[in-house]
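Secondary and tertiary structure notes
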Amino acid sequence: MKKLLAIDLAPYEHSTRTRKIAQQAAEAGVDTVAITLSRVGRSGMTGSTRDERIDSVLSLKIKTRKPREGTSVATQIVNLAGTYAWPVGALLRKTLATPADTVLVGHISLGFIGLLHHRRYGSQVLLNGRERPGGVRTTGSLASLFSRIEPLVVRRLAASRWIRVVAVCESHATDFRSLGARTFVARNAPPASFRRPFAPPPSSNDHLIVGCLGTLYPGRGVETLIEAVGMARDSGIDVQLEMAGRASAEFMTQLEDAALSTGHRNAITFHGPWPSDEVPSFYQMVHVGTALYENVDAANDSLSNKIFECVVSGRPVIASDLSENRRFVQENEVGWLTDVTAGDLADLLRAIYEMRSNLPTLSRRVFERSATMTWENECRDTIAWIVQSKIENRDAKL
């Protein structure tokens, strides 16, 4: 039986693409093991600390303490040396103790572990290209530090015929290929099991409910959306905002303050973290969803899974006017594009409010057009490569 070893910094439950590839491989008959940290990031991404089998995948966890919050260089150094050094070392040791035909590297910063595994076992390596190479520029983020050297790392690794990259969209794949990487494309569509029977939107005689779901952090347009909702309500229309997702304590305080400053705090609901298996139920309680990544970071132009989750749940999406979003929304006619400014968003909310009687028909059309948007369809070539893997030299040594 073929064996896949998936490694990632993010806890298995929250490592969206790593988890979906691992689960799909397991369903294809591949013996699959995942080794991840138990928590990562300043937004509080925390998973279970116990080893367990999840959807036919054996998930092994490395206990990781809570990183410090803040964006200073001192905080980055403390987190790198004091929070992540030991867990990543443990991840390396466990990986090198686990034979496998293929190693799925969930974050390219761990590519060196895949390289060492290949040298020991002759395995092939699949790098998960979560963003455009070198695209992360989030202030205070350790990921942004690695991102500065990522193109060099990819170019060095790409020369090996046993390495592949799986990118999130075609334009990112073009960038990876320009670095010499053999690249698959698997867009961030949800698995077929995500899809539920169509549910009409709530009755909308006199109000419009807008939804925002996902990890909340600067650059996702959430503060701008809150301001826009306040402006729309100031103009006399009843717009309500439902917001769910993890956020750092510092950023959550900023969002609460932003909601208060609108003068319409009672129209804005913060749900906190939302169960991943209940994402469709979130969208089914709103009229429209949002994916408002700002044009401040090249990594944001990545055709987010939030767009797919929204339309597959049967709701049109308000998306930021970035190139990948633009192509998807216009080709499939599943929503609206906007610049992420409070004024433009408020104008769009007013326009959608005026056409609210058409939302049931639009929602049905969006749901029908999303029928083929499944992870199984997107990931077919990648899974075939994993299934056909062949260890070159299982007895090789470092």
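This text goes with the structure placed above it.
Here the structure is a predicted model, which means the values were calculated and not measured.

**Side note on the pairing of strand β11 (residues 208–213)**
Most of β11 sits out of view: six of its six residues are buried. The side-chain alternation of β11 yields two buried faces, one formed by L208, V210 and C212 and the other by I209, G211 and L213. Remark: the β11/helix α7 (residues 222–234)/strand β12 (residues 239–244) crossover connection has right-handed handedness. Across two bridges, the pairing between β11 and strand β14 (residues 288–291) is parallel. Across the sheet, residue G211 finds its bridge partner in β14, namely G289.

**As for the sheet that holds strand β7 (residues 102–105)**
Strand order in the open sheet formed by eight strands is β5-β6-β2-β1-β7-β8-β9-β10, and the pairing between neighbours is mixed. Pairing within the sheet leaves two strands with one partner each, and these edge strands are β5 (52–54) and β10 (183–185). The average angle at which neighbouring strand axes cross in this sheet is 25 degrees, direction not considered. Alignment of strand β2 (residues 31–37) against strand β6 (residues 57–62), held across five bridges, turns out to be parallel. By the bridge assignment, A34 is partnered in β6 with S59. In the packing of helix α6 (residues 170–178) onto the sheet, contacts are made with β8 (124–129), β9 (163–167) and β10, and the angle to β10 comes to roughly 175 degrees.

**Topic: helix α1 (residues 16–27)**
With 12 residues, α1 extends 16 Å from end C-alpha to end C-alpha; this agrees with the ideal 16 Å at 1.5 Å per step. G29, located one to two residues past α1, shows a positive phi value of around 95 degrees.

**Describing the pairing of β12**
Residues in a regular strand point their side chains to alternate faces of the sheet. Counting buried residues along β12, five of its six residues qualify, which places the element largely inside the surrounding structure. Where β11 and β12 come together, six bridges link them in parallel fashion. Of the residues in β12, the one forming a bridge with I209 is Q240. Across three bridges, β12 lies against strand β13 (residues 268–270) in parallel orientation. Paired with E242 across the two strands is T269, which belongs to β13. For the handedness criterion, the β-α-β arrangement of β12, helix α8 (residues 249–261) and β13 is classed as right-handed.

**Here's the deal with the environment of E376**
With respect to the helices and strands, E376 occurs in helix α14 (residues 375–378). The exposure class assigned to E376 is partly exposed, which follows from its relative accessible area of 23%. Note: C-alpha distance between E376 and P190 (186 residues apart in sequence) is 8.5 Å. Every residue in contact with E376, bar those within four places of it in the chain, is listed here: Q24, P191 and A192.

**So, the pattern of salt bridges**
Scanning the model with the defined rule gives 13 salt bridges in all. Salt-bridge contacts for R132 lead to D175; the nearest nitrogen and oxygen are separated by 2.9 Å. You can see R132 sitting in the loop between β8 and α4 (142–147) and its partner D175 sitting in helix α6, a full 43 residues away along the chain. Residue class for R132 comes out buried when judged on its relative accessible area of 17%. Overall, the relative accessible area of 25% leaves D175 in the partly exposed class. In this structure, R350 and D347 form a salt bridge, with 2.6 Å as the shortest nitrogen-oxygen distance. Here R350 and its partner D347 are both found in helix α12 (residues 342–354), three residues apart, which amounts to about one turn of the helix.

**Digging into the packing of α7 against α12**
Axis separation between α7 and α12 bottoms out at 8 Å; the angle between their running directions is 55 degrees. On the basis of the axis angle, α7 is oblique to α12. Crossing angle aside, the handedness with which α7 passes α12 is right-handed. Note on element contacts: α12 touches α7 through A342, G343, L345, A346, L349 and R350, opposite T224, L225, E227, A228, V229, M231 and A232. Residue classes in the contact of α7 with α12 are distributed as nine nonpolar, two polar and two charged.

**Comments concerning the packing of α7 against α8**
Contact geometry of α7 with α8 gives a least axis separation of 9 Å together with a crossing angle of 15 degrees. When the axis of α7 is compared with that of α8, the two are roughly parallel. Handedness of the α7/α8 crossing: right-handed. Packed against α7, whose contacting residues are V222, E223 and I226, the element α8 presents F251, L255, A258 and A259 at the interface.

**Topic: the packing of aromatic side chains**
A complete count under the given rule lists five aromatic pairs for this structure. Members of the aromatic cluster, each reached through a chain of ring pairs, are W274, F282 and Y283. The ring of F367 has R195 lying over it, and the distance from NZ or CZ to the ring centre is 3.8 Å.

**Notes on the environment of V311**
Mapping V311 onto the fold places it in helix α10 (residues 305–312). The residues contacting V311, other than those within four sequence positions of it, are V317, F328, V334, V366, F367, S370 and M373.

**Brief notes about the nonpolar core**
Core analysis: the biggest nonpolar cluster contains 59 residues, and L225, I226, M243, L255, I318, F328 and L349 have the highest contact counts within it. I7, I62, V105 and L157 belong to the second-largest nonpolar core, a separate cluster that totals 33 residues.

Calculation notes
- Per chain, residue numbering runs from 1 following the sequence as it is written.
- Only residues with pLDDT of 70 or above have their local features reported here, since the model is predicted, and side-chain atom pairs are shown and tallied only from 80 upward, although totals for entire chains, interfaces and linings are computed over all residues.
- The side-chain figures draw on all heavy atoms in the structure; neither hydrogens nor water molecules are used.
- Exposure classes here rest on a 1.4 Å probe applied to the protein chains alone. A residue is buried below 20% of its type maximum, exposed above 50%, and partly exposed in between.
- By definition, any uninterrupted DSSP run of H or I lasting at least four residues is a helix, any uninterrupted run of E lasting at least two residues is a strand, and each is numbered from the N terminus.
- Assignment of crossover handedness uses the view with strands pointing away from the viewer, where a clockwise path from the first strand over the helix to the second indicates a right-handed crossover.
- For two strands to pair, DSSP has to find at least two bridges joining them.
- Orientation is described by lines fitted to C-alpha atoms, with helices fitted over the stretch in contact, and by angles between N-to-C directions that extend from 0 to 180 degrees.
- Here, two residues are considered to be in contact whenever any of their heavy atoms come within 4.5 Å of each other.
- Each residue after the first adds 1.5 Å to the expected span of a helix.
- Salt bridge, as used here, is a side-chain nitrogen of Lys or Arg placed within 4 Å of a carboxyl oxygen of Asp or Glu.
- Here the angle decides the label: under 35 degrees means roughly parallel, over 145 means roughly antiparallel, 65 to 115 means roughly perpendicular, and every other value means oblique.
- Throughout, a crossing is termed right-handed when the near helix is turned clockwise from the far one, and left-handed when it is turned anticlockwise from it by less than a right angle.
- The nonpolar class holds Ala, Val, Leu, Ile, Met, Phe, Trp, Tyr, Cys and Pro. Asp, Glu, Lys and Arg form the charged class, and all remaining residues, Gly among them, are polar.
- Between the rings of Phe, Tyr and Trp (Trp by its six-membered ring), a pair exists once the centres lie within 6.5 Å; its type follows the angle of the planes, with under 30 degrees stacked, over 60 edge-to-face, and the other angles tilted.
- Here, a charge over a ring means that NZ of Lys or CZ of Arg falls within 6 Å of the ring centre while also lying within 35 degrees of the ring normal.
- Nonpolar cores were defined as sets of buried Ala, Val, Leu, Ile, Met, Phe, Trp, Tyr and Cys residues, with membership established by side-chain atoms within 4.5 Å.

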